[in-house]
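Residues per chain, in single letters:
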Amino acid sequence: MTEQASLIEYPCDFPIKIMGKAQQDFTQTTLAIVKYHAPDFDVNTTAIKTSRNGTYLSLTCTIRATSRSQLDDLYQALSEHPMISVVL
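The protein carries the name UPF0250 protein SAMN05216334_11828 in an unreviewed UniProt entry, which gives Nitrosomonas ureae as its organism. Taken verbatim from the UniProt record of the protein, the Sequence similarities (unreviewed entry) comment is "Belongs to the UPF0250 family."

And the structure:
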């Protein structure tokens, strides 16, 4: 299998939107996953929004992406977590 050329030039700032049900520890758990894959990520820059009815949370984390494999690993870890519904 050959690796396709990336349309992204690394390193770059890369926003990731993460959504899930508003529940205890959702924010802390999600930020820990992001921080694990992007150690220089500043959690204080996270934008957090609550849905109109307060059922869901949306986190937007902008990381300094260094490679495609870093992004692939981060997306996979986030997508596989049971608390997380959507990763964009």
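Student: Could you clarify how one ought to interpret the nonpolar core in this entry?
Tutor: Soluble globular proteins: nonpolar side chains tend toward being buried together. In terms of nonpolar packing, the biggest core is built from 21 residues, with Ile-16, Ile-18, Val-34, Ile-63 and Leu-78 touching the most fellow members. Breaking this core down by element, the ones donating at least two residues are strand 1 (12-21), helix 1 (26-37), strand 3 (56-65), helix 2 (68-80) and strand 4 (84-87). In terms of residue count, the dominant contributor to this core is strand 3 (5 residues). For Ile-16, the contacting residues outside a window of four places in its chain are Leu-59, Thr-60, Cys-61, Ile-63, Leu-71, Leu-74, Tyr-75, Leu-78, Val-87 and Leu-88.

Student: Can you walk me through the pattern of salt bridges in this structure?
Tutor: Pairs can form between side chains of opposite charge whenever their charged atoms are close. Taken as a whole and judged by the stated rule, the model has 2 salt bridges. A salt bridge links Arg-68 to Asp-72; its shortest N-O distance comes to 3.9 Å. Of the two residues, Arg-68 and Asp-72 are both situated in helix 2; the distance of 4 residues between them amounts to about one turn of the helix.

Conventions and cut-offs
- Residues numbered from 1 in each chain as written.
- Predicted model: local features only at pLDDT ≥ 70, side-chain atom pairs only at ≥ 80, totals over all residues.
- Heavy atoms only, no water.
- UniProt positions renumbered as here; feature names shortened; annotations may be inferred.
- Core = buried A, V, L, I, M, F, W, Y, C linked by side-chain atoms within 4.5 Å.
- Buried < 20%, exposed > 50% of the residue type's maximum accessible area, 1.4 Å probe, protein only.
- Helix = DSSP H or I, 4+ residues; strand = E, 2+ residues; numbered from the N terminus.
- Contact = heavy atoms within 4.5 Å.
- Salt bridge = Lys/Arg side-chain N within 4 Å of Asp/Glu carboxyl O.

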